[in-house]
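# Structural characterization, general
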Amino acid sequence: MPKVLVTPTIFRNLPGPYLETLKAGGFEVVYPPDGCDTMRRENLLPLLAGVDAMLASVEKMTPEVLAQTKLRAIARAGVGYDSIDIPAATNLGIAVTITPGTLEESVAEHTVALMLGVSRALVQRDREVRAGRWSRKPMPRMAGKTFGIVGLGRIGRAVVPKIQGLGMRIVAFDPYADKEWAAMAGIPLLSFHDLLKTADVVSLHVTTTAETTNMINRETLALMKPDAILVNTGRGALVDEEALCEALDRGHLFGAALDVFKTEPLPIPNPLLKHDNVLLCTHMGGLDVDSCAAMGNLAAQCIVDLAHGRWPEACVVNKELRDRYKW
């Protein structure tokens, strides 16, 4: 019986559609021991011994790690795959899949919540009430302001109607955008620098590449409007956190909302923690009850399909592997 290792903490030793799908597909399901941090290579490697597939979180699947396994498939519960060395996986004949269509609404809702949390200073007001203080400082209205989407893919597009519902104008930057869709939605496509100069809120919805790493840096932060808000539900590598702290220290931004960080969990102490106008979250953008069930089930189905000779085309990242793929 083939084995699949399930590492995301939201699924560990818990029932759900993903488990039913894997068992029905003929898999033995194994989990890390309680409390095991699979982000640490020394913990992960022993767990991968004798495992045929992995229903993965964001573990670093480097060439060195991959070469020490007999994996035939890595199914990411999510849509990002920058933690996996795709060329190395392809060379080793390991199919890598993601779960498109399962978490866009969750990230879009989270994006709106983070923006409003900063613009309305909700965390600060809550703390003041609990401490017996009663501040009623007026905060900026978002209706009528400009919301800049960096990355008009599935998630970016899911954000659009929610932001439009708040009465905000939307502009976007994405060199690969569907121009026809953007025109139909009434969204001007701008250069990255023009978006930064135009937007009152800049929201990041791209994955990590050589081009996007530290795309928010000293130079680009200086282009943003004074009193603008930065929201990052994409990847921690997109933002130079030191440069962001410097901009906040100068009072250049109204605030920021970060769901992702360069190092997760966020190390303590950290300069970001001293800023009351920064809202921090635990990489929860894609996680709600519905998205978790859908992600887990689709990731599990991808593993079962690959094991049974079916190719889940819409989910496979390294599509060039198809003609020579063997379980």
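Located above this text is the structure these notes cover.
Anyway, here's the lowdown on the structure attached to this text. (Residues numbered from 1 in each chain as written. Predicted model: local features only at pLDDT ≥ 70, side-chain atom pairs only at ≥ 80, totals over all residues. Heavy atoms only, no water.)

## Some points on unusual backbone geometry
The condition is simple: Strands here are runs of E lasting at least two residues and helices are runs of H or I lasting at least four, both read from the DSSP assignment and numbered beginning at the N terminus.
The linkage connecting Glu-264 with the following residue, Pro-265, adopts the cis geometry, with an omega of -5°. Relative to the helices and strands, Pro-265 resides in the loop between β10 (253-258) and β11 (278-280). Cis peptide bonds are those with omega within 30 degrees of zero, and the linkage from Ile-268 to Pro-269 qualifies with 5°. Here Pro-269 is to be found in the loop between β10 and β11. Although it is not a glycine, Ala-121 adopts a positive phi angle of roughly 50°. A positive phi is found at Asn-214, a non-glycine position, where the angle reads about 55°.

## Regarding the sheet that holds strand β9 (residues 228-232)
Convention followed: Pairing between strands is defined by DSSP: at least two bridges between them are needed. To define axes, lines are fitted to C-alpha atoms, for helices over the stretch in contact only, and angles between the resulting N-to-C directions are given on a 0 to 180 degree scale. Pairs of residues are marked as contacts when any of their non-hydrogen atoms sit within 4.5 Å.
Taken in spatial order, the 6 strands line up as β7-β6-β8-β9-β10-β11 in an open sheet, and their pairing is parallel. What marks the edges here is a single partner per strand, and that holds for β7 (169-173) and β11. Neighbour-to-neighbour, the strand axes of the sheet open up by a mean angle of 15°, direction not taken into account. Pairing analysis gives 3 bridges linking β10 to β11, with the strands arranged parallel. Its bridge partner lying in β11, Leu-258 is registered against Leu-280. Contacting β9, β10 and β11, helix α11 (residues 241-249) runs over the sheet at an angle of about 145° to β10.

## Side note on a nonpolar patch on the surface
Filter applied, for reference: Each patch is built from residues lacking any salt bridge and having more than 30% relative accessible area; the joining distance is 9 Å for like charges and 5 Å for nonpolar side chains (Val, Leu, Ile, Met, Phe, Trp, Tyr). A 1.4 Å probe and the Shrake-Rupley method give the accessible areas. Residues count as covered only by the protein chains that appear here. We define a salt bridge as a side-chain nitrogen of Lys or Arg found within 4 Å of a carboxyl oxygen belonging to Asp or Glu. Only protein chains enter the calculation, and the probe is 1.4 Å; a residue is then buried if its accessible area is under 20% of its type maximum, exposed if over 50%, and partly exposed in between.
There is a patch of nonpolar side chains on the surface, built from Ile-268, Leu-273 and Leu-280 and spanning about 270 Å² of accessible area. A residue is classified by how much of its surface remains accessible, and Leu-280, at 30% relative accessible area, is partly exposed.

## Structural notes on the sheet that holds strand β4 (residues 73-76)
Reading across the sheet, the 5 strands line up as β2-β1-β3-β4-β5 and stay open at both edges, with parallel pairing between neighbours. The sheet terminates laterally at β2 (28-30) and β5 (95-97), the two strands that pair on one side only. When strand polarity is set aside, the average angle formed by the axes of neighbouring strands in this sheet is 20°. Pairing between strand β1 (residues 3-6) and strand β3 (residues 53-56): 3 bridges, direction parallel. For Val-4, the partnering residue across the bridge sits in β3 and is Ala-53. Relative to the sheet, helix α1 (residues 17-24) contacts β1, β2 and β3, its axis offset from that of β1 by approximately 165°.

## Regarding the state of the cysteines
The condition is simple: The definition used for a disulfide is geometric: two cysteine sulfur atoms within 2.5 Å.
For the structure on display, the rule yields 0 disulfides. Its sulfur unpaired, Cys-281 is 13 Å from the next cysteine sulfur, which belongs to Cys-292. The cysteine Cys-302 is free of any disulfide, with Cys-315 supplying the nearest cysteine sulfur at 3.7 Å.

## Here's the deal with the packing of α1 against helix α12 (residues 289-307)
Worth spelling out the cut-off: Any angle that falls under 35 degrees is termed roughly parallel, while one over 145 is termed roughly antiparallel, one within 65 to 115 roughly perpendicular, and all others oblique. Less than a right angle of anticlockwise turn of the near helix away from the far helix marks a crossing as left-handed, whereas a clockwise turn marks it as right-handed. Amino acid classes used here: Ala, Val, Leu, Ile, Met, Phe, Trp, Tyr, Cys and Pro are nonpolar; Asp, Glu, Lys and Arg are charged; the rest, including Gly, are polar.
Close contact between α1 and α12 brings their axes to 7 Å; oriented N to C, the two are set at 10°. When the axis of α1 is compared with that of α12, the two are roughly parallel. Every pair of crossing elements has a handedness; the one defined by α1 and α12 is right-handed. From α1, Pro-17, Tyr-18, Thr-21 and Leu-22 reach across to α12, where they touch Gly-296, Asn-297, Ala-300, Gln-301, Ile-303 and Val-304. For the contact of α1 with α12, the per-class residue count stands at 6 nonpolar, 4 polar and no charged.

## Brief notes about the pattern of salt bridges
The tally for this structure, following the rule as stated, stands at 14 salt bridges. Among the ionic pairs, Lys-162 bridges to Glu-105, the shortest N-O distance being 2.4 Å. Placement of Lys-162 in helix α7 (residues 154-164) and of Glu-105 in helix α5 (residues 104-119) is noted, with a sequence separation of 57 residues between them. In this structure, Lys-319 engages Glu-313 in a salt bridge whose closest nitrogen and oxygen atoms are separated by 3.7 Å. Put simply, Arg-218, Asp-240, Glu-242 and Glu-246 are held in one network by salt bridges that share partners.

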